[in-house]
Amino acid sequence: MRLLPLLLGGLAAALTGCTTGSAPTSLLLEASAFDTTLDNRPVSLHTLRNDRGMAVQITNYGARVVSLVVPDRDGTPTDVVWGYPTIGEYLASDDVYSGPIVGRFGNRIARGRFTLDSTTYQLSINNAPNHLHGGNAGVWNRVWEITASTDSSLTLHYLSPDGEDGYPGNLSMSVTYTVTADNALRLSYDATTDRPTPCNLTWHPYFNLHGRADRSTDSHQLYVCASRYTPTDSTLIPTGEILPVAETPADFRTPTAVGAREYDTTSSLIRYGKGYDLNFVLDKTGTAAVEKAAELYEPSNGILLTIYTDQPGLQFYSGGCISPACPGKHGQQRTPYSGIALETQNFPDAPNQPAFPNSILRPGEHYNHQAIYQFSTK
Ligand code: BGC
């Protein structure tokens, strides 16, 4: 009987045009569809893979993951992130945060303003009344340089000049994506600066473990290693408090279907974000720098995503504010609650919140952030 899943997996792979263990070519995008020049820099598409059926496609426009294919319980290749099939559609769509690195400061800074060493800086307001994900000139909207590339890993670099979107200092940053032999995507972020500046880089994929951008994620079961969260005001700026998740819809300390409490608007936690849009304060259990942060599981096809990080926070956004855009990959049209972002990060508005972890990078210091998105089935 143990052979049955293997046989079914092989059959599914054959039907979808790929062989077990090799790259799931039928779901992958054409590299030529990303071949262009933006801001006088070459744009391209790179495919990372292993021999266990995992493949990740990344464009250097926004250091952005456009496809992430993993086998489901039966071995069927499943593309679990939103995206568009061509660079033109990425540029035309208002869906700007599908898959890129966001920053210089991921998530919000209240009214786009912060004071650092007695100087007040004003950033752009792109999510009124606040600044979100680095503003319109954020790194998600920049062409990164490829500095290293192998079959399983890609390093991208971007130098954000002093004053870009109002941030002080030349911020030199790189991110390395690695597909491991055991079906994980590892992200290693590095940054240095020549003037003190806030720095909080994160990856902003929308996951749909069904492999369908047009299907609700309500049945996905979420587990988060967090007994506290940072409540916000109605504009999603943290109040500065750190509160227990117990007896709130934010309690995911046992795996719970995302849809079970997502529409409970009696809770301001749900009402403000039209669903979940909150930062968890991750429980640190030991001395390991990188610890488990969360699991996301889809019972119908068995895909399990386990996230590990060294960061203090995890943003969970269930996509309630998403408006329909032009159809994405595989002809699928996204809808509200059909994509889940789980972003390893510092806490939102940290530059204005003295009680939150430090988010200021200074000359001579080195920002490093590790995150692992591990896929398996059960
Ligand atoms: C934020 C949401 C925002 C979304 C944009 C998330 O990280 O928490 O408030 O709407 O990014 O895609």
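The structure presented is a predicted model; accordingly, all values stated were derived computationally and were not measured. (Residues numbered from 1 in each chain as written. Predicted model: local features only at pLDDT ≥ 70, side-chain atom pairs only at ≥ 80, totals over all residues. Heavy atoms only, no water.)

So, about the site of the ligand. Y97, N107, R108, H133, H204, Y206, L236, D277, Q315, Y317 and E343 make up every residue found near the ligand. R108 places a side-chain nitrogen or oxygen 2.8 Å from an oxygen atom of the ligand. Between the ligand and the protein, one listed contact pairs an oxygen atom with a side-chain N or O atom of H204 at 2.8 Å. In isolation the ligand has 310 Å² of accessible area, and contact with the protein removes 92% of it. Each residue belonging to the shell around the ligand can be placed in one class, and the counts come to four nonpolar, four polar and three charged. (Near = heavy atom within 4 Å. Polar contact = N/O pair within 3.5 Å; in protein donor to acceptor, adjacent residues only side chain to side chain. Areas by Shrake-Rupley, 256 points an atom, 1.4 Å probe, with all protein chains shown as cover. Nonpolar A, V, L, I, M, F, W, Y, C, P; charged D, E, K, R; others polar.)

Turning to the environment of H204, a few remarks are in order. Looking at the element boundaries, H204 is found in the loop between strand 17 (202–203) and strand 18 (221–224). Sequence separation of H204 and Q315 is 111 residues, and the distance between their C-alpha atoms is 9.8 Å. (Helix = DSSP H or I, 4+ residues; strand = E, 2+ residues; numbered from the N terminus.)

The topology assignment puts D233 in the loop between strand 19 (228–230) and strand 20 (243–244). On the accessibility criterion, D233 (32% relative accessible area) is partly exposed. Separated by 35 residues in sequence, D233 and S268 have C-alpha atoms that sit 8.8 Å apart. Non-local contacts of D233, meaning those with residues more than four positions away in its chain, are made with T239 and Y272. (Buried < 20%, exposed > 50% of the residue type's maximum accessible area, 1.4 Å probe, protein only. Contact = heavy atoms within 4.5 Å.)

On to the environment of H131, then. With respect to the secondary-structure elements, H131 resides in strand 11 (residues 131–132). The exposure class assigned to H131 is buried, which follows from its relative accessible area of 0%. Apart from the residues within four sequence positions on either side, H131 is in contact with N107, R108, I109, G112, L123, S124, N126, D165 and Y167. Side-chain polar atoms of H131 contact the backbone oxygen of S124, separated by 2.7 Å. Among the polar contacts made by the side chain of H131, one reaches the main-chain amide nitrogen of G135 at a distance of 3.5 Å.

Pairing analysis gives five bridges linking strand 3 (residues 45–49) to strand 4 (residues 55–59), with the strands arranged antiparallel. Residue pairing across strands places H46 opposite I58, the latter belonging to strand 4. Between strand 3 and strand 4, which pair antiparallel one after the other, the connecting turn spans five residues, and G53 there sits at a positive phi close to 90°. (Pairing = 2+ DSSP bridges.)

Strands belonging to one sheet form pairs held by backbone hydrogen bonds; the direction of such a pair is parallel or antiparallel. With antiparallel pairing, five strands are arranged side by side in an open sheet as 20-19-22-25-26. With one partner strand each, in any of the chains shown, strand 20 and strand 26 (341–345) form the two edges of the open sheet.

For strand 4, the buried fraction is high: five of the five residues fall into the buried class. Here strand 4 shows two buried faces, one formed by A55, Q57 and T59 and the other by V56 and I58. Of the strand pairs in this sheet, strand 4 and strand 5 (residues 64–71) are connected by five bridges, and their pairing is antiparallel. Paired with A55 across the bridge in strand 5 is V69.

Here the focus is the pattern of salt bridges. Overall, the coordinates contain nine salt bridges when judged by the stated rule. Of the charged contacts, one joins R142 and E164 as a salt bridge, the two residues approaching to 2.9 Å between their closest N and O atoms. Linking R142 in the loop between strand 11 and strand 12 (145–149) with E164 in the loop between strand 13 (153–160) and strand 14 (171–179), this pair joins segments that are 22 residues apart in sequence. Given a relative accessible area of 11%, E164 falls into the buried group. (Salt bridge = Lys/Arg side-chain N within 4 Å of Asp/Glu carboxyl O.)

Before going further, it helps to examine the nonpolar core. L68, I101, Y177, W203, F207 and F375 are the most contacted members of the largest nonpolar core, which has 59 residues in total. In terms of residue count, the dominant contributor to this core is strand 14 (five residues). Those residues in contact with F207 that lie beyond four places of it in its chain are L68, V80, V81, T217, L296, L305, S338, G339, I340, Y373 and F375. With 16 residues, the next largest nonpolar core counts Y84, Y90, V143 and A325 among its residues. (Core = buried A, V, L, I, M, F, W, Y, C linked by side-chain atoms within 4.5 Å.)

Quick look at unusual backbone geometry now. Note on backbone geometry: most residues besides glycine have negative phi, and most peptide bonds are trans. Between G103 and the following residue, R104, the backbone shows a cis peptide bond with an omega angle of 20°. Within the element layout of this structure, R104 appears in the loop between strand 7 (101–102) and strand 8 (108–109). The residue after A128, namely P129, is reached through a cis peptide bond having omega 5°. Non-glycine residue R111 carries a positive phi angle of around 50°. Following the sequence through the fold, R111 ends up in the loop between strand 8 and strand 9 (113–116). Residues other than glycine seldom take positive phi values, yet E247 does so here, at roughly 65°. Its location among the elements puts E247 in the loop between strand 20 and strand 21 (256–257). Note on E247: relative accessible area 84%, which makes it exposed.

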